[in-house]
Amino acid sequence: MIYRNRKGNIYTPKELEYLTAGGCSYISHNETEIWKEYFSDTKPWCRIAEEVFDLLKSINNEHLIELFDIYTTLSSSEFEKYQNKEIPFRTDAYSARYYPNNETRLLEEPTDFLLDNFWEIEKLFDTFTDESTLTEDVKRENAVIGPNGIIIIDPDCFQIIHFPKEKIAIKNKKNILELLRSIAIAEMIEDNCNKELASIYDLTDIEITKDTNVTYEISKKLKGTKTPKDYCMKKIL
């Protein structure tokens, strides 16, 4: 299989080892980068779109995966048609930075760690809204949590969409809460702490409008706690 970027340069395989696979793709990596190949039957809406890739690549943010390049397996004749703007580019793979540390437990870190990270993520999501970009599939499995913070690593389903900005803002803010909820639930289930799950839903039970400051609302609930887990424990006592 020949992979070409949009300039026609052929991807040269590096020494990579298997990382993971899902319903849409296979991911391998080395010490510095990942290589993500979509399965041939992956639907277009599950592949990162060319315009979305370019937008995200232009955003220099420590909480967003650093994207390198996108590739296609279009045949030589098809690629020539793409270059002549007769057919669109089809993303069959992309390369990006590899983030090896994913072991930090959010609920056990100081409360300020959570608030600082989500404050920055909220500003990032505001940028997405300004660019008419709708976030999708934002969850624990699609984030890396290390000592330096939380990084969104799988923006494949993000869309640039012509909706009113206020509707995009509401959806993106709800996805900030969904990210927090999924991270917290995953940690509680991992620890076999099922009775704390209700407290996670309480923490993320925030009414969202286009103007809601999500992190501020979370901070009001976590006020006086040393760690987010303290909030969970108090709620079940």
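Shown above is the structure to which this text applies.
First, a word on what this report is: a plain description of the structure on this page. For clarity, every value in this text was computed on a predicted model and none was experimentally measured.

What counts, and at which threshold
- Residues numbered from 1 in each chain as written.
- Predicted model: local features only at pLDDT ≥ 70, side-chain atom pairs only at ≥ 80, totals over all residues.
- Heavy atoms only, no water.
- Helix = DSSP H or I, 4+ residues; strand = E, 2+ residues; numbered from the N terminus.
- Rg over C-alpha atoms; globule rule 2.2 N^0.38 Å.
- Buried < 20%, exposed > 50% of the residue type's maximum accessible area, 1.4 Å probe, protein only.
- 1 Å grid on protein atoms, 1.4 Å probe; cavity = no way out; pocket = protein on both sides within 12 Å on 5 of 7 lines; lining within 4 Å.
- Points joined across faces, edges and corners; volume = space filled by probe spheres on them.
- Nonpolar A, V, L, I, M, F, W, Y, C, P; charged D, E, K, R; others polar.
- Core = buried A, V, L, I, M, F, W, Y, C linked by side-chain atoms within 4.5 Å.
- Contact = heavy atoms within 4.5 Å.
- Axes fitted to C-alpha atoms, helices over the stretch in contact; angles between N-to-C directions.
- Parallel < 35°, antiparallel > 145°, perpendicular 65-115°, else oblique.
- Left-handed = near helix turned anticlockwise from the far one by under 90°.
- Salt bridge = Lys/Arg side-chain N within 4 Å of Asp/Glu carboxyl O.
- Pairing = 2+ DSSP bridges.

### Overview of the overall build of the protein
Inference 1: When its secondary structure is counted, the protein shows 7 helices and 9 strands.
Inference 2: A compact globule built from 237 residues should have a C-alpha radius of gyration of about 18 Å, and the protein, at 20 Å, falls within 12% of that.
Inference 3: For the protein, the spread of C-alpha atoms along the three principal axes comes to 65 × 40 × 30 Å.
Inference 4: Here the protein holds 237 residues, and the buried ones make up 49% of them.

### Focus on the layout of surface pockets
Inference 1: A volume near 730 Å³ is recorded for the largest pocket.
Inference 2: Forming the boundary of the largest pocket are 31 residues, of which Thr20, Ile27, Glu141, Asn142 and Asp154 lie nearest the centre.
Inference 3: Classifying every residue of the lining of the largest pocket by side-chain character gives 16 nonpolar, 6 polar and 9 charged.
Inference 4: The space that makes up the second largest pocket amounts to roughly 380 Å³.
Inference 5: Of all the secondary-structure elements, those providing two or more residues to the lining of the second largest pocket are helix H1 (50-58), strand E7 (143-146) and strand E8 (149-152).
Inference 6: With 3 residues, E8 is the largest single contributor of residues to the lining of the second largest pocket.

### Re the nonpolar core
Inference 1: Ile48, Leu56 and Ile218 are the most contacted members of the largest nonpolar core, which totals 50 residues.
Inference 2: Sorting elements by how many residues they give to this core places helix H3 (residues 111-130) first, with 8 residues.
Inference 3: Excluding residues within four positions of it along the chain, Leu56 makes contact with Ile48, Leu64, Leu67, Phe128, Pro155 and Phe158.
Inference 4: In this structure, Ala184, Ile185, Leu197 and Cys232 belong to the second largest nonpolar core, which totals 8 residues.

### Description of the packing of H3 against helix H6 (residues 214-222)
Inference 1: Direction vectors running N to C along H3 and H6 enclose 165 degrees, while the axes themselves pass 9 Å from each other. The pairing of H3 with H6 is recorded here as roughly antiparallel in orientation. The two elements H3 and H6 meet at a crossing, and its hand is right-handed. Contact residues: H3 offers Thr111, Leu114, Leu115, Phe118, Trp119 and Glu122, while H6 offers Val214, Thr215, Ile218, Ser219 and Leu222.
Inference 2: Here the residues of the contact of H3 with H6 sort into 7 nonpolar, 3 polar and 1 charged.

### Focus: the pattern of salt bridges
Any two side chains of opposite charge can pair if their charged atoms end up close together.
Inference 1: What the rule picks out here adds up to 18 salt bridges.
Inference 2: The partner of Glu120 in a salt bridge is Lys123, and the shortest N-O contact between them spans 3.3 Å. Of this pair, Glu120 and Lys123 both sit in helix H3, separated by 3 residues, roughly a single helical turn.
Inference 3: Here Asp126 ties to Lys173 by a salt bridge, and the two come within 3.7 Å at their closest N and O atoms. Highlighted residues: Asp126 in helix H3 and Lys173 in helix H4 (residues 165-190), separated in sequence by 47 residues.
Inference 4: Residue classification places Lys173 among the buried residues on the basis of a relative accessible area of 6%.

### What about the sheet that holds strand E1 (residues 17-21)?
Working definition: the strands of a sheet are paired by backbone hydrogen bonds and lie parallel or antiparallel to each other.
Inference 1: Taken in spatial order, the 5 strands of this open sheet run E1-E2-E3-E5-E4, and their pairing is antiparallel. Edge strands, defined here as strands with exactly one partner in the open sheet, are E1 and strand E4 (67-71). Direction aside, neighbouring strands of the sheet carry axes that sit 20 degrees apart on average.
Inference 2: Inspection of the sheet shows E1 paired to strand E2 (residues 25-29) by 4 bridges, in the antiparallel sense.

### Considering the packing of H3 against H4
Inference 1: It is at 9 Å that the axes of H3 and H4 come closest, and there the two elements cross at 155 degrees. Between H3 and H4, the crossing angle belongs to the class labelled roughly antiparallel. For the crossing formed where H3 meets H4, the hand is right-handed. Touching Leu114, Phe118, Ile121, Glu122, Phe125, Asp126, Phe128, Thr129 and Asp130 of H3 are Lys165, Ile168, Ala169, Asn172, Lys173, Asn175, Ile176, Leu179 and Leu180, all from H4.
Inference 2: Its residues placed into classes, the contact of H3 with H4 shows 10 nonpolar, 3 polar and 5 charged.

### Examining the pairing of E8
Inference 1: As defined by bridge partners, E7 adjoins E8 across 4 bridges and the pair is classed as antiparallel. Among the inter-strand pairings, Val144 is bridged to a residue of E8, identified as Ile151.
Inference 2: The antiparallel hairpin formed by E7 and E8 contains 2 residues in its connecting segment.

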